[in-house]
Amino acid sequence: MIDLVGYGAFFLTTALIFSLITLGLNLQWGLTGLFNVGLAGFVAIGAYTSALLTTPADPARLGGFDLPILIGWLGAMLVGGLAASLTGIATLRLRSDYLAITTFGVAVVVQLVALNAQKLTGGPFGIGFIPRPFGGLAETPLLFNLSNLAIVSVVTLAAYLALEHLSRSPWGRVLKALREDERAAISLGKSARFYRVQAFAVGGAIMALAGALQAHFIGFIAPDNYLPILTFQVWVMLIVGGSGNNLGAVAGSVLVWAIWAGSGAFTSVLFSPEQQARAAALQIVAIGMMLCVILLVRPSGLLGERPRRVRTTKAVSQAPESSGP
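Remember, predicted model here, so these are calculated numbers, not experimental data.

A.B. asks: Let's hear about the overall build of the chain: which residues, and what values?
C.D. replies: A count of helices and strands for the chain gives 13 helices and 0 strands. Its helices and strands taken in sequence order, the chain reads α-α-α-α-α-α-α-α-α-α-α-α-α from the N to the C terminus. Based on the C-alpha atoms only, the size of the chain along its principal axes is roughly 105 × 45 × 35 Å. For the chain, buried positions account for 46% of its 325 residues. In the chain, the share of contacts with a sequence separation of at least 24, taken over all contacts with a separation of at least 6, comes to 77%. A total of about 17,200 Å² of accessible surface is found on the chain, and carbon and sulfur atoms cover 69% of it. Here the chain contributes 20 positive and 13 negative side-chain charges, whose respective centroids are spaced 10 Å apart.

A.B. asks: Hey, could you go over the packing of aromatic side chains for me, with residue numbers and the actual values?
C.D. replies: Across all of its chains, the model carries 9 aromatic pairs by this definition. Judged by centre distance (5.2 Å) and plane angle (90°), the rings of Phe 35 and Trp 235 are edge-to-face. Remark: Trp 235 occurs in helix H10 (residues 228-241) and Phe 35 occurs in the loop between helix H1 (2-31) and helix H2 (39-54); sequence separation between them is 200 residues. For Phe 35, a relative accessible area of 29% corresponds to the partly exposed category.

A.B. asks: I'd like a rundown of the layout of surface pockets, residues and numbers included.
C.D. replies: The calculated volume of the second largest pocket comes to roughly 430 Å³. Around the second largest pocket, the lining is made up of 21 residues, and of these Gln 214, Ile 218, Asn 225, Gln 233 and Trp 257 lie nearest the centre. Breaking the lining of the second largest pocket down by element, the ones donating at least two residues are H1, helix H9 (192-218), H10 and helix H11 (246-270). Top contributing element to the lining of the second largest pocket by residue count: H1, with 5 residues.

A.B. asks: I'd like a description of a nonpolar patch on the surface, backed by residues and values.
C.D. replies: A contiguous nonpolar patch, built from Phe 65, Leu 67, Leu 70, Ile 71 and Leu 74 and spanning about 480 Å² of accessible area, is present on the exposed surface. Along the polypeptide, Leu 70 turns up in helix H3 (residues 69-91).

A.B. asks: Residue-level account of the pattern of salt bridges, with values.
C.D. replies: Using the criterion set out here, one finds 4 salt bridges in the structure. A salt bridge links Arg 168 to Glu 164; the nearest nitrogen and oxygen atoms lie 2.7 Å apart. With Arg 168 and Glu 164 both in helix H6 (residues 141-168) and 4 residues apart, this pair spans about one turn of that helix.

A.B. asks: Can you break down the packing of H10 against H11 residue by residue, with the values?
C.D. replies: Where H10 meets H11, the axes come as close as 7 Å, and the angle between the chain directions of the two elements is 125°. When the axis of H10 is compared with that of H11, the two are oblique. H11 is crossed by H10, and the crossing has right-handed handedness. Contacts from Ile 229, Gln 233, Val 236, Met 237, Leu 238, Val 240 and Gly 241 of H10 reach H11 at Gly 248, Ala 249, Gly 252, Ser 253, Leu 255, Val 256, Trp 257 and Trp 260. Split by residue class, the contact of H10 with H11 holds 10 nonpolar, 5 polar and no charged.

A.B. asks: Lay out empty space enclosed by the protein in plain terms, naming residues and giving numbers.
C.D. replies: Where empty space is left becomes clear once a probe the size of a water molecule has been rolled over the atoms. Overall, the coordinates contain 2 cavities of 30 Å³ or more when judged by the stated rule. Reported here for the largest cavity is a volume of approximately 50 Å³. In this structure, the largest cavity is lined by Trp 73, Pro 133, Asn 148, Ile 151, Val 152, Leu 213, His 216 and Phe 217. Looking at the lining of the largest cavity, the elements with two or more residues in it are H6 and H9. Of the residues assigned to the lining of the largest cavity, the class counts are 6 nonpolar, 2 polar and no charged. The computed volume of the second largest cavity comes to approximately 30 Å³. Forming the boundary of the second largest cavity are Ala 40, Gly 41, Ala 44, Tyr 48, Ala 107, Val 110, Gln 111, Ala 114 and Tyr 226. When contributions to the lining of the second largest cavity are tallied by element, the ones reaching two or more residues are H2 and helix H4 (96-116). Residue composition of the lining of the second largest cavity, grouped by class: 7 nonpolar, 2 polar and no charged.

A.B. asks: Outline H9, supporting the account with residue identities and numerical values.
C.D. replies: Under the 1.5 Å per step criterion, the end-to-end length of H9 is 39 Å for 27 residues, consistent within 8% with the ideal 39 Å. Burial analysis of H9 places 21 of its 27 residues in the buried class, the great majority of the element. Directly beyond the C-terminal end of H9, a positive phi value near 90° is found at Gly 219.

A.B. asks: Can you break down the confidence of the model for the chain residue by residue, with the values?
C.D. replies: Looking at the chain as a whole, its pLDDT mean stands at 88, while 94% of the residues score no less than 70. Segment residues 312-325 is flagged for pLDDT under 50; beyond a separation of four residues in sequence, or across chains, it makes 0 contacts in the model.

The rules behind these values
Residues numbered from 1 in each chain as written. Predicted model: local features only at pLDDT ≥ 70, side-chain atom pairs only at ≥ 80, totals over all residues. Heavy atoms only, no water. Helix = DSSP H or I, 4+ residues; strand = E, 2+ residues; numbered from the N terminus. Buried < 20%, exposed > 50% of the residue type's maximum accessible area, 1.4 Å probe, protein only. Contact = heavy atoms within 4.5 Å. Areas by Shrake-Rupley, 256 points an atom, 1.4 Å probe, with all protein chains shown as cover. Lys, Arg positive; Asp, Glu negative; His and termini not counted. Charge placed at Lys NZ, Arg CZ, Asp CG, Glu CD. Phe/Tyr/Trp six-rings, centres within 6.5 Å; stacked < 30°, edge-to-face > 60°. 1 Å grid on protein atoms, 1.4 Å probe; cavity = no way out; pocket = protein on both sides within 12 Å on 5 of 7 lines; lining within 4 Å. Points joined across faces, edges and corners; volume = space filled by probe spheres on them. Patch = residues over 30% accessible without salt bridge, like charges linked within 9 Å, V, L, I, M, F, W, Y side chains within 5 Å. Salt bridge = Lys/Arg side-chain N within 4 Å of Asp/Glu carboxyl O. Axes fitted to C-alpha atoms, helices over the stretch in contact; angles between N-to-C directions. Parallel < 35°, antiparallel > 145°, perpendicular 65-115°, else oblique. Left-handed = near helix turned anticlockwise from the far one by under 90°. Nonpolar A, V, L, I, M, F, W, Y, C, P; charged D, E, K, R; others polar. Expected span 1.5 Å × (residues − 1). pLDDT = per-residue confidence, 0-100.

Structure (structure tokens):
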């Protein structure tokens, strides 16, 4: 029973980290309409930034400033937001598929830098000995997983509440207006590029924070952690949960990760060790089938964007009766 509770805490921690990435994507795509398929690059930027700031000094590479974990998380958000801003300034004049190709190229560049800049990122060997919150409890897996679950839950809840407030604020309404009808929003004096760069930067900072959380939770990162499959997973989570709805982004992340982890456990039991490498492709098949069913039954996702209700007061005026001569 204790092992089951510990695994449940580990599962929810991982699912909430994915939820944080999905919330950042929902701000960019669900609220603003920016087609970002390079989110794995921003997650990697956050993970490596926090790792370099918080790990002990290592003569084999640069960095290793041995700073507190909280400083690493703040640094990850700052560098991730800055990288997203620069990417947005350079690419947000593009639209739809052209923007998708460009952001995918950015993610590939980040992954290649992480793979080849060995003096900075450790190259294919990655970075180890990343400090973990409550690392002293690592010998007690249940307490360690529950403690990390509490931290990740607080961070995810804070991000969710902040994004809910932003989506209902005038800033969020401008983003929705740009998504629905850019020309109408520009005619009202709104700068489309200015607001889009802001949304892209905030979403990138949230993704970078999620990467930092994951790095410190696992204690090790490598370039193979940030392959395009990560982008595929997060996009499926957002589509299943419901684009434009922050609660749907969280629910979709938990559901898709449950299916992903469950299908992985199922293939490990059903197939022999020699066949498990090929059978791992069944995870993608399971996610694809679920996505098809969701789109057929609920095209807007499990919790699609709710239209805002505007209350109007109808004043009924009656014309005075005219009296005869």
